[in-house]
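A closer look at the structure
Read off the chains here:
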Amino acid sequence: MKSINLIKMLGCTIILMSSTIVLAQEINFSGDWSAIYHEDAPERIPGPPLSDFAGLPLNEAAIMRANTWDPNRISVVPEFQCREHGGDYSMRGLAHMRIERVIDPRSQQAIAFKTRMNFHNMERTIWLDGRDHPPADAPHTWDGFSTAHFENGMMVVYTTHQKQSYTRRNGVPASSERTFTEYWYIHENYLTVLTVVDDPVFYTEPLVRSQNWVMNPALRITTNNCEYVLETPIGDDGQIVPHYLPGQNPFLTETAEIYHLPYEGMMGGPETMYPEFRDQLGEPLGDSRFCTLDCE
Amino acid sequence: MNKLLQASKTILLATLLSASQFLLAQDNELQLLHVQGNVYMLSGAEVNVTVQIGEEGVVFVDTPDEDTVPAMINLIQELTNLPVLYVINTHLDEAHISGNAMLSRMGYRLNANLASFGPPGGAQATAIAGAAAGVTLLAHENVLNRFYLTDHNIERLDLTSTYFMDTKDFYQNGEGIVVYHMPNAHTDGDSIVYFRRSDVISAGDIFTPGQYPDIDNERGGSVQGLVEALNFLIELIVPGPMAEAGTYVVPGHGRIGDEIDVVEYRNMVYIVMQRIEALIDDGMSLRQIISARPTLDYDTEFGGFRGGPSSEEFITAIHTSLTTEM
């Protein structure tokens, strides 16, 4: 145990020292990048099943918010129809990405990267010129406000001022108070971004995820128009914001039943992020040989 | 496996420490934030103050305490020295009106010597002071009624004009300004102010992101009226592409918002209202409802922050609204 602590201390010291000693070396991420979805593919592309919150460090407020969420809300409340992903989630969704480097014409120094995603014209600016983040009471945006510097062969990006959004597209919230740090690095023709999201409103500890892209000069980023449409008359039943009263969501056990998984594991929480949680889970609810959905 | 896990944790800890250098500075100091067009928001005081600056002068929505007024004027003087023209109060809360007297005496020149005006005098409405200086101090008539007819501990109310219809409009600094009465929301005298060319709405305490709404049942406020007011606000707002920007909203407290921010806030009020309504229908008392924690999932975002109501106060105000005949 002592040797593990020693390794931990040594690791911390080396990384902290190297972060101050190594000279910042700028990396050019410009180009067209196709997203690779081998990590968390079911969650990112078809979308997550209802009531699957496993592997997320959610506090009890987030779990209750997710348990009372009704998916009808994203169509019945018209203002939600055209919203972008949050800046952190945008790196995981339909994430084909074009990156352009912004050069200051006078100094010929890079002052920013601009990224554009395929979904909903999502654009981020990542400032490299050392500017401050806006005041706390300034407006928040979907993508937030990002600044970056180079460190240990990586671009380290810090983002604040995002709007309230979602951690997972099945009602798991993400607050406007969250911030995230990204570590961008290129290896051969691959780009990897490690994302650490800290949400003091809904998480008990940071959520760490990674995403990957491959350089694709043939990629074409398109444009995307969205006009919201009132599809459901509001007010017939007085329900202008669809939601379930606590304890009345009939779909909470659906995913656990489909996959024969213990319900407690599907409700998320920090313990579900770690392998040790398997020991607490006990036996599956049924025979997984009879799986009927996304079984491969 | 254990070592691998510990090593991963160590790297994560190190990267988090490294990232901490980015921590935002705490900015509680007074700042004049440009919202858009002619409109600015004074941030860092006890309340947000909306400031419209144009070729004719300065229009305020709400006023900070008198200790803050000189610093606010210093910030505005970096942009203009033109006189104060209008002060519109969104409701009767001391924190939102206490600078009226000082600003009402600044109608001729914004850069006049504040000390030369002397201390505010009298414990009654000083309509003449503002009128003599050419400043209009406006609020809904119910603000005046509540000041004279109901109990409160507000020392003085400086108004020169009230309105009693649903709206009042006027043209100042090159744009139409429309004042809408929002009945029975935070109080029964709430106004929101729409700067049409700048496309900014000053919402007062109808919209307070980051804290629960202060529903003042004693002064005619109700949760039902608040939801109606928020729905009206959402109708008035036109969002920009992809549900972002467009019309901006200056809240009574908290950060500048746009439509989706108001929608999320309305959703919170509406959902909590429906939960409490269901618990009342189940026969629960107020004490039992508070114990059931119907705001549990919103408390980490709204409960008691920035001096706003606690979850218990919010639940109690909703319960009162739902069980009292209006």
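The residue count restarts for each chain, going from 1 along the sequence in the order it is written. Note on labels: chains are lettered from A, ligands numbered from 1, in written order. A pLDDT threshold of at least 70 governs which residues receive local features in this predicted model, and a stricter bar of 80 or more applies before side-chain atom pairs are shown or counted, although totals over entire chains, interfaces and linings include all residues. Each side-chain value is worked out from all heavy atoms of the structure, with water and hydrogens disregarded.

1. Points about the overall build of chain A
Test applied: Only DSSP runs of H or I with at least four residues qualify as helices, and only runs of E with at least two residues qualify as strands; both kinds are numbered from the N terminus onward. Each residue is placed in one exposure class: buried if its accessible area under a 1.4 Å probe, protein chains only, is under 20% of its type's maximum, exposed if it is over 50%, and partly exposed if it falls in between. Throughout, a residue-residue contact means that at least one pair of heavy atoms, one from each residue, lies within 4.5 Å. To be clear on the numbers: accessible area is Shrake-Rupley with a 1.4 Å probe, and residue cover counts the displayed protein chains and nothing else.
Within chain A one finds 8 helices and 11 strands. A burial count over chain A gives 49% of its 296 residues as buried. When contacts within chain A are restricted to residue pairs at least 6 apart in sequence, long-range pairs at least 24 apart make up 62% of them. Only carbon and sulfur atoms are counted for the fraction: they give 55% of the accessible area of chain A, which is about 14300 Å².

2. Topic: the sheet that holds strand E3 (residues 110-117) of chain A
Filter applied, for reference: Only strands joined by at least two bridges in the DSSP assignment are considered to pair. Lines fitted to C-alpha atoms define the axes here, with helix axes fitted over just the stretch in contact, and angles between the N-to-C directions of these axes take values from 0 to 180 degrees.
Strand order around the closed barrel formed by 9 strands is E1-E2-E3-E4-E5-E6-E9-E10-E11 (chain A), with mixed pairing between neighbours. Along the sheet, successive strands turn relative to each other by an average axial angle of 30°, direction set aside.

3. Things to note about the packing of helix H8 (residues 259-281) of chain B against helix H11 (residues 311-323) of chain B
Residue and element names in this part refer to chain B. Convention followed: Crossing chirality is assigned from the near helix's rotation relative to the far helix, an anticlockwise turn below a right angle marking it left-handed and a clockwise turn marking it right-handed. Note on residue categories: nonpolar means Ala, Val, Leu, Ile, Met, Phe, Trp, Tyr, Cys or Pro, charged means Asp, Glu, Lys or Arg, and polar means any other residue, Gly included.
H11 packs onto H8 with a crossing angle of 65° between their chain directions and a minimal axis gap of 10 Å. The handedness of the crossing between H8 and H11 comes out as right-handed. Along the contact surface, H8 presents Met268, Val272, Met273, Ile276, Glu277 and Ile280, while H11 presents Phe314, Ile315, Ile318, His319, Leu322 and Thr323. Residue classes in the contact of H8 with H11 are distributed as 9 nonpolar, 2 polar and 1 charged.

4. Quick word on unusual backbone geometry
Its identity is not glycine, yet Asn121 of chain A carries a phi of approximately 55°, on the positive side. Topologically, Asn121 of chain A is positioned in the loop between E3 and strand E4 (123-127). Note on Asn121 of chain A: relative accessible area 19%, which makes it buried. We note that Asp62 of chain B has phi near 70°; this positive angle belongs to a residue other than glycine. Inspection of the secondary structure assignment puts Asp62 of chain B in the loop between strand E4 (58-61) and helix H2 (69-77).

5. Considerations on the state of the cysteines
All names here are of chain A. Note the following rule: When two cysteine sulfur atoms lie within 2.5 Å, the pair is treated as a disulfide.
Per the stated rule, a full pass over the model turns up 1 disulfide over all chains. Between the sulfur atoms of Cys82 and its disulfide mate Cys226 the distance is 2.0 Å. Between Cys82 and Cys226 the disulfide shows an S-S torsion of about -85°. By sign, it is left-handed. Of the two residues, Cys82 sits in the loop between helix H4 (73-76) and helix H5 (87-90) while Cys226 sits in the loop between strand E11 (207-215) and helix H6 (254-259), which places them 144 residues apart along the sequence.

6. Observations concerning the packing of aromatic side chains
The cut-off we apply is this: Here the aromatic set is Phe, Tyr and Trp, taking the six-membered ring for Trp, and pairing holds for ring centres within 6.5 Å; pairs whose planes are under 30 degrees apart are stacked, those over 60 apart are edge-to-face, and all others are tilted.
What the rule picks out here adds up to 12 aromatic pairs over all chains. Between the aromatic rings of Phe29 of chain A and Phe113 of chain A, the centroid separation amounts to 5.7 Å while the plane-to-plane angle is 75°, which identifies the pairing as edge-to-face. Of this pair, Phe29 of chain A sits in the loop between helix H1 (2-21) and strand E1 (31-36) while Phe113 of chain A sits in strand E3, and the two are 84 residues apart along the sequence. Neither Phe29 of chain A nor Phe113 of chain A differs from the other in exposure class; each is buried. On the basis of an interplanar angle of 10° and a centroid distance of 4.0 Å, the ring pair of Tyr86 of chain B and Phe170 of chain B is categorised as stacked. Of this pair, Tyr86 of chain B sits in strand E5 (residues 84-88) while Phe170 of chain B sits in strand E8 (residues 167-172), and the two are 84 residues apart along the sequence. On the basis of relative accessible area, Tyr86 of chain B is assigned to the buried category, the value being 12%.

7. A short note on the pattern of salt bridges
Here is the rule: Salt-bridge detection follows one rule: a side-chain nitrogen of Lys or Arg within 4 Å of a carboxyl oxygen of Asp or Glu.
Under the counting rule described, the total for this entry stands at 24 salt bridges over all chains. In this structure, Asp129 of chain A engages Arg131 of chain A in a salt bridge whose closest nitrogen and oxygen atoms are separated by 2.8 Å. A salt bridge links Asp261 of chain B to Lys163 of chain A; the shortest N-O distance between them is 2.8 Å. Here Asp261 of chain B is found in helix H8, whereas its partner Lys163 of chain A is found in the loop between strand E6 (154-160) and strand E7 (165-168) on a different chain. Each member of the pair, Asp261 of chain B together with Lys163 of chain A, is buried. What you see here is one network of salt bridges that share partners, running through Asp40, Glu43, Asp52, Arg92, Arg168 and Arg209 of chain A.

8. Digging into the nonpolar core
All names here are of chain B. The criterion, for reference: The definition of a nonpolar core used throughout is a set of buried Ala, Val, Leu, Ile, Met, Phe, Trp, Tyr and Cys residues joined through side-chain atoms within 4.5 Å.
Among the nonpolar cores identified, the biggest contains 48 residues, and Ile192 and Leu233 are the most heavily contacted of them. At the level of elements, strand E9 (175-182), strand E10 (190-195), strand E11 (200-204), helix H7 (223-236), H8, helix H9 (286-291), helix H10 (296-302) and H11 are the ones that each hand at least two residues to this core. No other element matches the 12 residues that H8 contributes to this core. Counting 31 residues, the second-largest nonpolar core is a separate cluster that includes Tyr40, Met72, Ile97 and Leu159.

9. Notes on the packing of H7 of chain B against H8 of chain B
Residue and element names in this part refer to chain B. So the rule is basically this: The cut-offs work like this: below 35 degrees is roughly parallel, past 145 is roughly antiparallel, 65 to 115 is roughly perpendicular, and the gaps in between are oblique.
For the pair H7 and H8, interaxial distance at closest approach is 10 Å and the crossing angle is 155°. What the angle tells us is that H7 and H8 run roughly antiparallel. By crossing handedness, the relation of H7 to H8 is classed as left-handed. In this structure, H7 contributes Val223, Leu226, Val227, Leu230, Asn231, Leu233 and Ile234 to the contact, and H8 contributes Glu259, Val262, Val263, Tyr265, Arg266, Val269, Tyr270 and Met273. Its residues placed into classes, the contact of H7 with H8 shows 12 nonpolar, 1 polar and 2 charged.

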